[in-house]
Amino acid sequence: MKTITFGSTGEQVSEICLGTMMFGNSCDQAESDRILSSALDAGLTFVDTAAMYGDGSTEDLLGNIIGARRDKIFLATKVHKGTDSESITTSIDESLLRLQTDRVDLYLIHWPTVGMDPEEIMQALHTVVTAGKARYVGCSNYPAWLFAHSNAIATKNGWTPLVNNQIPYNLVERGVEVEILPQAAAENIAITVYRPLLMGVLSGKYRPGAAMPDGSRGVDDTRIGAWLSRFGDGVDGFLSMAEELDTHPAALATAWVKQSPGITCPIVGVSSLKQLETSLAAATLELSTEQHDRLTGLFEAAAVQEECGGAFGPLRRERALLG
Ligand SMILES: NC(=O)c1ccc[n+]([C@@H]2O[C@H](COP(=O)([O-])OP(=O)(O)OC[C@H]3O[C@@H](n4cnc5c(N)ncnc54)[C@H](OP(=O)(O)O)[C@@H]3O)[C@@H](O)[C@H]2O)c1
């Protein structure tokens, strides 16, 4: 697997990051261990987790399985509690304990919160770095203006700047093309992408109009059914193109993200070793510009109109975001 430079840090990390949100959720510790081992064997060096996953239990599980492999991994985790100073400084200690390590490579604010104070946040993140508990800091789900505002505060005070924004991006959710990706290109910000498969909609397991497969996230998460009915034609065309290219849909969707302008790396989230093996084929799948454009064109209706899901849109519009 190729490595890429992680934004302004100069660090080399694998061009695909392993997401662990399903560890301890739909895969137990033994299967998670097999996934991690296989990913490392394939040359993957970047692992993403969060204190929020399983309310700390995913970090616990990772701490148990990483063991002596810690130094082979560029490990990222995220603040669990609020965005006040005490939450940031206590959350890192709890994460380090669960992860059984003395430092993470990257520490992220998971979500903006209404009433947040960017000055307090940047100072607290700087404290975490100067204490040696994180090498770099960043954020997730930040609109571009908030990223720039936070780094202006850091620069003014001589504090550690944010180097990474982790955001949702895929063939359907493309709102970040408006501000976040151009900002990243201009300022050399590392952009890590979660949800490259649109929560599995682009994995081949869902067919527009068909019942949700047993055990899939589509059974409980209504967003999956809603996307399938809205973008059914696009999904059908996408699945046909995967067939035509003789590749797995999960690899195709991941490769599209990986080769999209402004992206540093996709985060591959899997529930089993089998899924990892198919998704990692994205590492060797090189799309031509024409193929990349054709895929994009299948979802022209989504383009920039389809904002990223969840709380992302409302938070972008929240006039009282900063307290
Ligand atoms: N910063 C944030 O706010 C945030 C939010 C969400 C996620 N994340 C990070 O991003 C990672 C990826 O997010 P995500 O899980 O939502 O991404 P995703 O790639 O959109 O969806 C992953 C899901 O797709 C299905 N899948 C994956 N590979 C497959 C394959 N080869 N064949 C068939 N199905 C396949 C699985 O669904 P089933 O489980 O149904 O089988 C899997 O859970 C997470 O692990 C986490 O590290 C960050």
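Remember, it's a predicted structure, so these values are computed and weren't measured experimentally.

Asker: Describe in detail the packing of helix H4 (residues 118-130) against helix H5 (residues 144-157), supporting the description with residues and values.
Answerer: Between H4 and H5, whose axes approach to 9 Å, the crossing angle comes to 60°. Compared by their axis directions, H4 and H5 come out oblique. The two elements H4 and H5 cross, and the hand of that crossing is right-handed. Contacts between H4 and H5 involve Pro 118, Glu 119, Ile 121 and Met 122 from the first element and His 149, Ser 150, Ile 153 and Ala 154 from the second.

Asker: An account of the environment of Glu 59 is needed here, citing residue identities and associated values.
Answerer: Positionally, Glu 59 belongs in helix H2 (residues 57-66). Given 28 C-beta atoms within a 10 Å radius, Glu 59 is considered buried. Remark: the alpha-carbon pair of Glu 59 and His 80, spanning 21 residues in sequence, is separated by 11 Å. What Glu 59 contacts, discounting residues up to four positions off in sequence, is Thr 49, Ala 51, Thr 77, Ser 95, Arg 98 and Leu 99.

Asker: Just give me the short version of the site of the ligand, but keep the residues and values in it.
Answerer: Residues in contact with the ligand amount to 28 residues; listed here are only the nearest, Gly 19, Met 21, Tyr 194, Gly 200 and Gly 269. If you list the elements that add at least two residues to the shell around the ligand, you get strand E10 (265-269) and helix H10 (273-279). In terms of residue count, H10 provides more of the shell around the ligand than any other element does, 3 residues in total. Each residue belonging to the shell around the ligand can be placed in one class, and the counts come to 10 nonpolar, 14 polar and 4 charged.

Asker: Account for the environment of Leu 44, with residues named and values stated.
Answerer: Its place among the elements puts Leu 44 in the loop between helix H1 (29-41) and strand E4 (46-48). Taking the C-beta count within 10 Å as the criterion, Leu 44 has 24 such neighbours and is therefore assigned buried. Between the C-alpha atom of Leu 44 and that of Leu 61, which follows or precedes it by 17 residues, the distance is 19 Å. Leaving out residues up to four positions away in the same chain, Leu 44 has contacts with Met 1, Ser 14, Ile 16, Leu 18 and Ala 39.

Thresholds applied
Residues numbered from 1 in each chain as written. Predicted model: local features only at pLDDT ≥ 70, side-chain atom pairs only at ≥ 80, totals over all residues. Axes fitted to C-alpha atoms, helices over the stretch in contact; angles between N-to-C directions. Helix = DSSP H or I, 4+ residues; strand = E, 2+ residues; numbered from the N terminus. Parallel < 35°, antiparallel > 145°, perpendicular 65-115°, else oblique. Left-handed = near helix turned anticlockwise from the far one by under 90°. Contact = placed C-beta atoms within 7 Å. Buried ≥ 20, exposed ≤ 12 C-beta atoms within 10 Å, placed from the backbone. Near = placed C-beta within 6 Å. Nonpolar A, V, L, I, M, F, W, Y, C, P; charged D, E, K, R; others polar.

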